[in-house]
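Observations on the three-dimensional arrangement
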Amino acid sequence: MHDPAVLVDTTSQIPPYEQIRAQLAALIRTGRLAEGERLPTVRQLAADLGLAPGTVARAYRELEGAELIRTRRGAGTRVAALPSEPHGHDADQLATLARDFTSAARALGADTEDVLTAVRDALDPGPASSSATAHSGAGGPKTAEVSAQVTGARNRLDQQAQNRRAGTP
């Protein structure tokens, strides 16, 4: 795992393990992490992100439970073969992500139409949408991909809010 980066926003309401899980799941499902590719050890990724190893271990356990990765003693943690059947989504998790995103957008002063436009742009990136969402690699509204998009959008909204409070553009 050299090119794709996992980023964690410790100020986000989304727990760090969930941010890691969602980003890795999206990277795997979109093919940016290929079958058999080795992931960093729990300790290495935790050190890289400045988190406790237990946080990364929980993300890895959930990815193993979803059969997206496999860990074998001596062979490390590797990306598993994707299941041939379509992946269902977790409605509760999707609702939580939508609430988090909506709250952050409202804190910036966005109205309902602004929020809906941002979500539509994230789901169907086109020429009018930002470059950040246009190259996100989203192939459809699967939970992990939407989760990664919402996390990225939320991080951007949080940064914009911080800039407004600091008086910078």
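Refer to the structure above for everything that follows.
Quick summary incoming for the structure in this document.

Cut-off values and rules
- Residues numbered from 1 in each chain as written.
- Predicted model: local features only at pLDDT ≥ 70, side-chain atom pairs only at ≥ 80, totals over all residues.
- Heavy atoms only, no water.
- Helix = DSSP H or I, 4+ residues; strand = E, 2+ residues; numbered from the N terminus.
- Buried < 20%, exposed > 50% of the residue type's maximum accessible area, 1.4 Å probe, protein only.
- Contact = heavy atoms within 4.5 Å.
- Areas by Shrake-Rupley, 256 points an atom, 1.4 Å probe, with all protein chains shown as cover.
- Axes fitted to C-alpha atoms, helices over the stretch in contact; angles between N-to-C directions.
- Parallel < 35°, antiparallel > 145°, perpendicular 65-115°, else oblique.
- Left-handed = near helix turned anticlockwise from the far one by under 90°.
- Nonpolar A, V, L, I, M, F, W, Y, C, P; charged D, E, K, R; others polar.
- Phe/Tyr/Trp six-rings, centres within 6.5 Å; stacked < 30°, edge-to-face > 60°.
- Lys NZ or Arg CZ within 6 Å of the ring centre and 35° of its normal.
- Salt bridge = Lys/Arg side-chain N within 4 Å of Asp/Glu carboxyl O.

It is worth spelling out the overall build of the protein chain at this point. When you go through the protein chain residue by residue, the secondary structure sums to seven helices and two strands. When the helices and strands of the protein chain are listed from N to C terminus, the series reads α-α-α-β-β-α-α-α-α. Among the 169 residues that make up the protein chain, the fraction classed as buried is 37%. Of all intrachain contacts in the protein chain linking residues separated by at least 6 positions in sequence, the fraction that spans at least 24 positions is 60%. Summed over all atoms, the accessible surface of the protein chain reaches about 9,700 Å², with 52% contributed by carbon and sulfur.

With that out of the way, let us pick up the packing of helix H1 (residues 16-29) against helix H3 (residues 53-65). At their nearest, the axes of H1 and H3 sit 8 Å apart, and the two run at 45° to each other. The angle between H1 and H3 places the two elements in the oblique class. In the packing of H1 onto H3, the handedness of the crossing is right-handed. Mapping the contact onto sequence places Pro16, Tyr17, Glu18, Ile20, Arg21, Leu24 and Ala25 in H1 and Thr55, Val56, Arg58, Ala59, Tyr60, Glu62 and Leu63 in H3. Looking at side-chain class alone, the contact of H1 with H3 contains nine nonpolar, one polar and four charged residues.

Where helix H2 (residues 42-49) contacts H3, the axes come no closer than 8 Å and their chain directions differ by 120°. The angle between H2 and H3 places the two elements in the oblique class. For the crossing formed where H2 meets H3, the hand is right-handed. Contact residues: Val42, Leu45 and Ala46 in H2; Pro53, Val56, Ala57 and Tyr60 in H3. Its residues assigned to classes, the contact of H2 with H3 comprises seven nonpolar, no polar and no charged.

This part takes up the packing of aromatic side chains. With the rule as written, the count across this model stands at zero aromatic pairs. Sitting over the ring of tyrosine 17, arginine 58 keeps its end group 3.7 Å from the ring centre.

A separate point is the pattern of salt bridges. One pass over the structure, following the stated rule, counts three salt bridges. Ionic pairing is found between arginine 58 and glutamate 62, a salt bridge with its closest N-O pair at 3.5 Å. Separated by four residues within a single helix, arginine 58 and glutamate 62 lie in helix H3, roughly one turn from each other. The partly exposed category is assigned to arginine 58, whose relative accessible area is 35%. The shortest N-O distance in the salt bridge between glutamate 113 and arginine 120 comes to 3.6 Å.

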